[in-house]
Amino acid sequence: MSDLIFLDSAGSSIPPAPVVDEVIGHLRRETEIGGYRAAAERRDDLEAGYGVLADLFGCQPSEVAFTDSATRSWLAAFDAVPLSAGDRILVTEVEYAGNAIPVLRRAAEAGAVVEVIPSDVHGQVDLGALNLDNRVKLISLVHVPTNGGLINPVNDITAAAREVGALVLLDACQSTGQLDLRGLDYDMLACTGRKWLRGPRGTGALVVRDEVRERLHPRLVDLHSGSWTGPQEYSLRSDARVFELWECSIADRLGMIAAARHALEMGLDVIEAEVADRAKRLREGLAAIPGITVRDLGERQSGIVTFTSERVPAMELKDRLWQAAVAVTVSQAGSTLLDMTRRGLGEVVRASPHYFVTHAEIDQALEIIEQIVSRTR
């Protein structure tokens, strides 16, 4: 669909040409000399990738691990946090189901307690309600939720966590690639390549700060994560790559590195400003359409724009927009149960315009939305 107005970069974005060329080119090379030799040819480029991602996140190369998804990154980090009976795990009201399910399961196994940090009047974490003590072992912090445009305050939460020795695991799934994350303070960060970063599906990264790595105990390790040093002995890596496994898609990893390099070359500050501009235009346009309610919260807002229609259910509106060559998606209550229940929402239409979406395309999408909802009256 060459005329498609693409408003779904929060789902799986459209990769730029350098990413596509990198992935396809390596797959073709594998057909010529096989996977092992093709990977060996790109050894230096793969190694350089740790530096590229370090530049993206403002960290050290030793703090970067590549994975196959944000989910894998998040689970690897969460699984490595020691938990005992009576420990407290704090989550936000915008916690994502993919995080909440493993948190609840592991807490039940360990005898730990899961507690929800209340939101303030803007929908973001209420800093005055953190209620921290030395029993808090982990704060699971969603930077940008999947079902709305708010941006949670990271550094203030991390500063408070440091006072009691709690770890902060930042879910940057929806912020990596649209926001400049280089000034953020956290202990661990999980992200995907396929969304705002515009990398391939099946890619992700995990950042683990050097100063907290020894506090963690990775459970999924193999011959890449460590070395078999004797019949009954082994040693693990001393950097974040202890969270990696040996097998991976070399083509996709090269594609993610190309996506990160592309973002850095464009300028993270430029991307953040361009995305904010598109989202503001879309929000304001939606708010002017009779029967449409914009559902975004937060003092500071991201490129995710959510809304509902009085007369057209979200799934139907999404399908009718697709028929009109406008790509959006629907976020349902099960993905962010606490927040959606609190706000009495069953589902919302989610639009996420990236910098490559033009003002004219946003205006055209708004016209189509207005036509759809007006015909339904």
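Here, the structure is the one placed above.
So, here is what we can say about the structure in this document. (Residues numbered from 1 in each chain as written. Predicted model: local features only at pLDDT ≥ 70, side-chain atom pairs only at ≥ 80, totals over all residues. Heavy atoms only, no water.)

**Overview of the sheet that holds strand 12 (residues 305-309)**
Point 1. Read across the sheet, four strands follow the order 11-12-15-14 without closing on themselves; strand pairing throughout is antiparallel. One side of each edge strand has no neighbouring strand; the edge strands of this open sheet are strand 11 (292-294) and strand 14 (329-332). Each neighbouring strand pair of the sheet contributes to a mean axis angle of 40 degrees, computed without reference to strand direction. (Pairing = 2+ DSSP bridges. Helix = DSSP H or I, 4+ residues; strand = E, 2+ residues; numbered from the N terminus. Axes fitted to C-alpha atoms, helices over the stretch in contact; angles between N-to-C directions.)

**Quick word on the nonpolar core**
Point 1. Counting 49 residues, the largest nonpolar core has L53, F57, I139, Y186 and L189 as its most contacted members.
Point 2. The next biggest cluster of nonpolar side chains, apart from the first, holds 26 residues, and it includes I292, L321, I362 and I372. (Core = buried A, V, L, I, M, F, W, Y, C linked by side-chain atoms within 4.5 Å. Buried < 20%, exposed > 50% of the residue type's maximum accessible area, 1.4 Å probe, protein only.)

**Brief notes about the environment of E115**
Point 1. Tracing the backbone through its elements, the reader meets E115 in strand 4 (residues 113-117).
Point 2. When the C-alpha atoms of E115 and C191 are compared, they prove to be 24 Å apart, with 76 residues separating the residues in sequence.
Point 3. With sequence-adjacent residues up to four places away left out, E115 is seen in contact with R88, I89, L90 and V91.
Point 4. Within the local environment of E115, its side chain forms a polar contact with the side chain of R88, the two groups lying 2.7 Å apart. (Contact = heavy atoms within 4.5 Å. Polar contact = N/O pair within 3.5 Å; in protein donor to acceptor, adjacent residues only side chain to side chain.)

**Overview of the sheet that holds strand 8 (residues 204-208)**
Point 1. Strand order in the open sheet made by the seven strands is 2-8-7-6-5-3-4, with mixed pairing throughout. The open sheet has two edge strands, strand 2 (64-67) and strand 4, and neither has a second partner. Within this sheet the neighbouring strands show an average axis-to-axis angle of 20 degrees, counted without direction.
Point 2. The sheet contact formed by strand 3 (residues 88-92) and strand 4 spans five bridges and is parallel. Bridged to L90 within strand 4 is E115.
Point 3. Packed on one face of the sheet, helix 7 (residues 154-164) meets strand 5 (136-142) and strand 6 (167-171) and runs near 175 degrees to strand 5.

**Things to note about the pairing of strand 12**
Point 1. For strand 12, the tally of buried residues reaches five of five residues, placing the bulk of the element in the interior.
Point 2. Burial along strand 12 is two-sided: the face carrying V305, F307 and S309 and the face carrying T306 and T308 are both buried.
Point 3. Pairing between strand 11 and strand 12: three bridges, direction antiparallel. Paired with I292 across the bridge in strand 12 is S309.
Point 4. Pairing between strand 12 and strand 15 (residues 347-351): three bridges, direction antiparallel. Directly across from T306, in strand 15, lies its bridge partner R350.

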